[in-house]
Amino acid sequence: MDPRGLTGLGPSSRGQLGEAAVAAAEEPEAPAAAAVVVAAGATPEEQEEDEGRNRGLLRWDGFSAWLHCVCVVGFDLELGQAVEVIYPQHSKLTDKEKTNICYLSFPDSNSGCLGDTQFCFRFRQSSGRRVSLHCLLDQFDKDLPVYLKDPAYFYGYVYFRQVRDKTLKRGYFQKSLVLISKLPYIHFFHTVLKQIAPEYFEKSEPYLEAVCHDVDRWPAPVPGKTLDLPIMGMVMKVRIPTCYDKPGTTQMVQMTQQADTQISVILPTVHEVDLFRCFCPVFLHSQMLWELVLLGEPLVVMAPSPSESSETVLALVNCISPLKYFSDFRPYFTIHDSEFKEYTTRTQAPPPVILGVTNPFFAKTLQHWPHIIRIGDLKPAGEIPKQVKVKKLKNLKTLDSKPGVYTSYKAYLNRDEEIIKQLQKGVQQKRPSEAQSVILRRYFLELTQSFIIPLERYVASLMPLKKSISPWKSPPQLRQFLPEEFMRTLEKTGPQLTSRIKGDWIGLYRHFLKSPNFDGWFKTRRKEMTQKLEALHLEALCEEDLLLWSQKHSEVETVDLVLKLKSKLMQADRELLPVKPDTVEKLRMHIDAIILALPEDLQGILLKTGMT
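Cut-off values and rules
- Residues numbered from 1 in each chain as written.
- Predicted model: local features only at pLDDT ≥ 70, side-chain atom pairs only at ≥ 80, totals over all residues.
- Heavy atoms only, no water.
- UniProt positions renumbered as here; feature names shortened; annotations may be inferred.
- Helix = DSSP H or I, 4+ residues; strand = E, 2+ residues; numbered from the N terminus.
- Buried < 20%, exposed > 50% of the residue type's maximum accessible area, 1.4 Å probe, protein only.
- Phe/Tyr/Trp six-rings, centres within 6.5 Å; stacked < 30°, edge-to-face > 60°.
- Salt bridge = Lys/Arg side-chain N within 4 Å of Asp/Glu carboxyl O.
- Polar contact = N/O pair within 3.5 Å; in protein donor to acceptor, adjacent residues only side chain to side chain.
- Pairing = 2+ DSSP bridges.
- Axes fitted to C-alpha atoms, helices over the stretch in contact; angles between N-to-C directions.
- Contact = heavy atoms within 4.5 Å.
- Core = buried A, V, L, I, M, F, W, Y, C linked by side-chain atoms within 4.5 Å.
- Parallel < 35°, antiparallel > 145°, perpendicular 65-115°, else oblique.
- Left-handed = near helix turned anticlockwise from the far one by under 90°.
- pLDDT = per-residue confidence, 0-100.

With an unreviewed UniProt entry as reference, the chain is termed Protein DENND6A isoform X2, source organism Erinaceus europaeus. Note on the chain: under the UniProt heading Sequence similarities (unreviewed entry), the record states "Belongs to the DENND6 family."

Structural data, given as structure tokens:
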């Protein structure tokens, strides 16, 4: 048997091993973590920091697991929009990020948002920033649903207040409280802002500091956990979703019959928006919009305010769940955005993104885009706006044009009249918006699953058989995805097995296979399957009598095997491979047994490499 197959490399010479391993052994070892005790006479802040270290956390680590920072954006007569406060003060934002936050935190002047307005925006983190979440969260990231992983972007959750104030030169008080986070927990953060922002505008910075200290004491947002989150005298109960949740089911926070008087707010979801409220003006065309989002088509939502634009864009992205929307999307986009030129240029085809805009300027700038949704004010729950029509793009001249879906797109699938009748009946019977959202969400889920199951089934067939995995050879490769081979599977195992909808499913699949969403989905599935192969390879190694093998081979081959086994263990840890803990422990025991059977000089070198 030959251990070379483990990495596809030949055995190291003992001389080469000596140089590398001795160099590693000579590096100073990291000091063992000392136990932390709270010093007598320490200030309350020092005691709090010491207690945090005892929990394995540094000051603000708890805060950073949820938020990057909190900003207050005001209006300066000379500077325009300006960041007045960033908390915690050590939070790092680049000038480009600050500029984006400034302009995205205020509605466009034409929106005329008097009173309080809440909305959301999303922008790219500056290049070079370490995008990894909190060290604890890295371990749990693999358990998050793929559509909630968005590490390269920041989300801004805004509570904007504009009220008349004759004492100010402009005659208005204008200010935004903004939560900046890497977590796309839309409903959760909007709820937090609704609780804290009104009081902040009354009490100012000391109140904000107290809020941040409360957040710093929150437990980490671990997928699958139900958490009690105290904030300013109230407690929010939430559950973080996990990739193991059954799609379409909201894992409601289960309350005991004896009500907990400490719980003030119970959230059934952290990330979902009110789907029916957003789709209400266009629900006759919801299936066509689902196709446009699925295919990653360029799409603009023109709305009267950031609230409407951001809610609608987020609802569109959400409608193909549990499939992730892999292209860029901007719930609120302005002419000052750092990607404005990139996304509005006419020198190339519009990019595959979804933009939410409110400025009338975009009616002219984006009139070459192929699909535009123009919506009016979203009505409160219970009020149903007039249904908009599909219109030709040439009819869209200004933002004052009538609401409608402006597109020349011809849907691949026939319209499902059943869901339309069901939703219309709900409107007539004054069914609550929440109940309508449940119906619409289930419809979109069934549509997405009917579409994705044949792809999942075919991709699973690309996986090599378990019996082809040999411990002494590199893990086998996945078979190549062949579009025409996949298309042939649809005749017997296509979406017709699970969906009543007729139409050109083949055409829809052909278009999808060229889209960014397919590319992102397949890369994710391929990575998962490759990691599964690596994990099965490790299990196969554990079943071998490695000590017996080493006794039949030379020292050089044995040392080479040890180094490669250690490398595999490090890979399993680094890439969070789906390996059972007892498999890892078993392999460590194999390594230790092999090392102890080697001469003492080699034992010392291999043990000091610090990888066992």
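Draft legend 1. Expanded view of unusual backbone geometry. A cis amide bond links Tyr87 with the next residue in sequence, Pro88, at an omega value of -5°. Here the bond from Ser321 into Pro322 is cis, since omega is 10°, no more than 30 degrees from zero. Looking at the secondary structure, you find Pro322 in the loop between α10 (306–318) and β10 (329–330). Even without a glycine there, the phi angle at Ser204 is positive, about 65°. Overall, Ser204 belongs to the partly exposed group, its relative accessible area being 30%. Although it is not a glycine, Met232 adopts a positive phi angle of roughly 50°. Structurally, Met232 can be placed in the loop between β6 (226–231) and β7 (234–239).

Draft legend 2. Local environment of the packing of aromatic side chains. If you walk through the whole model with that rule in mind, you get 37 aromatic pairs. An angle of 65° between the planes, with centres 5.9 Å apart, marks the rings of Phe188 and Trp218 as edge-to-face. Of this pair, Phe188 sits in helix α6 (residues 186–203) while Trp218 sits in the loop between α7 (205–216) and β6, and the two are 30 residues apart along the sequence. The exposure class assigned to Phe188 is buried, which follows from its relative accessible area of 0%.

Draft legend 3. Fine view of the pattern of salt bridges. One pass over the structure, following the stated rule, counts 27 salt bridges. Residues Arg124 and Glu342 are paired through a salt bridge, measuring 3.2 Å at the closest nitrogen-oxygen approach. Placement of Arg124 in strand β3 (residues 115–124) and of Glu342 in helix α11 (residues 340–344) is noted, with a sequence separation of 218 residues between them. According to the relative accessible area criterion, Arg124 is partly exposed, its value standing at 29%.

Draft legend 4. Up close: the side chain of Ser176. As for its placement among the helices and strands, Ser176 is situated in strand β5 (residues 172–181). At 2.6 Å, the side chain of Ser176 and the backbone oxygen of Ser105 are in polar contact.

Draft legend 5. Examining the sheet that holds strand β4 (residues 153–164) more closely. If you walk across this open sheet you meet the five strands as β2-β1-β5-β4-β3, and the pairing is antiparallel. Each having just a single partner strand, β2 (80–87) and β3 make up the two edges of the open sheet. Strand-to-strand, the axes of this sheet are offset by a mean angle of 25°, without reference to chain direction. Inspection of the sheet shows strand β1 (residues 69–76) paired to β5 by six bridges, in the antiparallel sense. What sits directly across from Cys71, in β5, is Val178. Contacts from α6 reach β1, β3, β4 and β5 within the one sheet, and its direction differs from that of β4 by about 35°. The strands touched by α7 are β1, β2 and β5; relative to β2, the strand with the most contacts, the crossing angle is about 50°.

Draft legend 6. Just the nonpolar core, in detail. In terms of nonpolar packing, the biggest core is built from 106 residues, with Trp66, Phe188, Phe279, Trp290, Phe451, Leu455 and Phe481 touching the most fellow members. In terms of residues, this core owes the most to one element, helix α14 (residues 433–460), which gives ten residues. Setting aside residues no more than four positions away along its own chain, Leu455 makes contact with Phe481, Phe486, Tyr509, Phe512, Leu513, Phe518 and Trp521.

Draft legend 7. Molecular detail of the packing of helix α17 (residues 516–542) against helix α20 (residues 581–596). Contact geometry for α17 and α20: axes closest at 9 Å, N-to-C directions at 45°. By the angle class used here, α17 and α20 are oblique. Seen along the crossing, α17 lies across α20 with a hand that is left-handed. Along the contact surface, α17 presents Leu538, Glu539, Leu541 and Cys542, while α20 presents Thr583, Lys586, Leu587 and His590.

Draft legend 8. Spotlight on the pairing of strand β14 (residues 404–407). Residue alternation in β14 divides its side chains into two sets, Gly404 and Tyr406 and Val405 and Thr407, and both sets are buried. Looking at chain direction, strand β12 (residues 371–374) and β14 are connected through four bridges and run antiparallel. Among the inter-strand pairings, Ile373 is bridged to a residue of β14, identified as Val405.

Draft legend 9. Spotlight on the sheet that holds strand β8 (residues 265–266). The strand order across the open sheet formed by three strands is β6-β7-β8, and the pairing between neighbours is mixed. Strands at the two margins of the open sheet, each flanked by one partner only, are β6 and β8. Pairing of β7 with β8, which is carried by two bridges, proceeds in the parallel orientation. Across the sheet, residue Met236 finds its bridge partner in β8, namely Val265. Taken strand by strand, α6 contacts β6, β7 and β8, and its axis lies near 175° from that of β7.

Draft legend 10. Region of the structure containing the pairing of β2. Note: β1 against β2, seven bridges, orientation antiparallel. Following the sheet pairing, Gly74 is matched in β2 by Ala82. Once β1 ends, the chain turns through three residues before running back antiparallel as β2.

Draft legend 11. Summary view of the environment of Leu93. In this fold, Leu93 is placed in the loop between β2 and α4 (95–104). The exposure class assigned to Leu93 is buried, which follows from its relative accessible area of 12%. Sequence-wise, Leu93 and Cys69 are 24 residues apart; in three dimensions their C-alpha atoms are separated by 9.0 Å.

Draft legend 12. Structural detail: the confidence of the model for the chain. With 81% of its residues at a pLDDT of 70 or more, the chain has an overall mean of 81. Every residue in residues 1–57 is under pLDDT 50, and counting partners more than four places away or in other chains gives 74 contacts. Here residues 131–136 is modelled with pLDDT under 50, and outside its nearest four sequence neighbours on either side it reaches 13 contacts, counting other chains as well.

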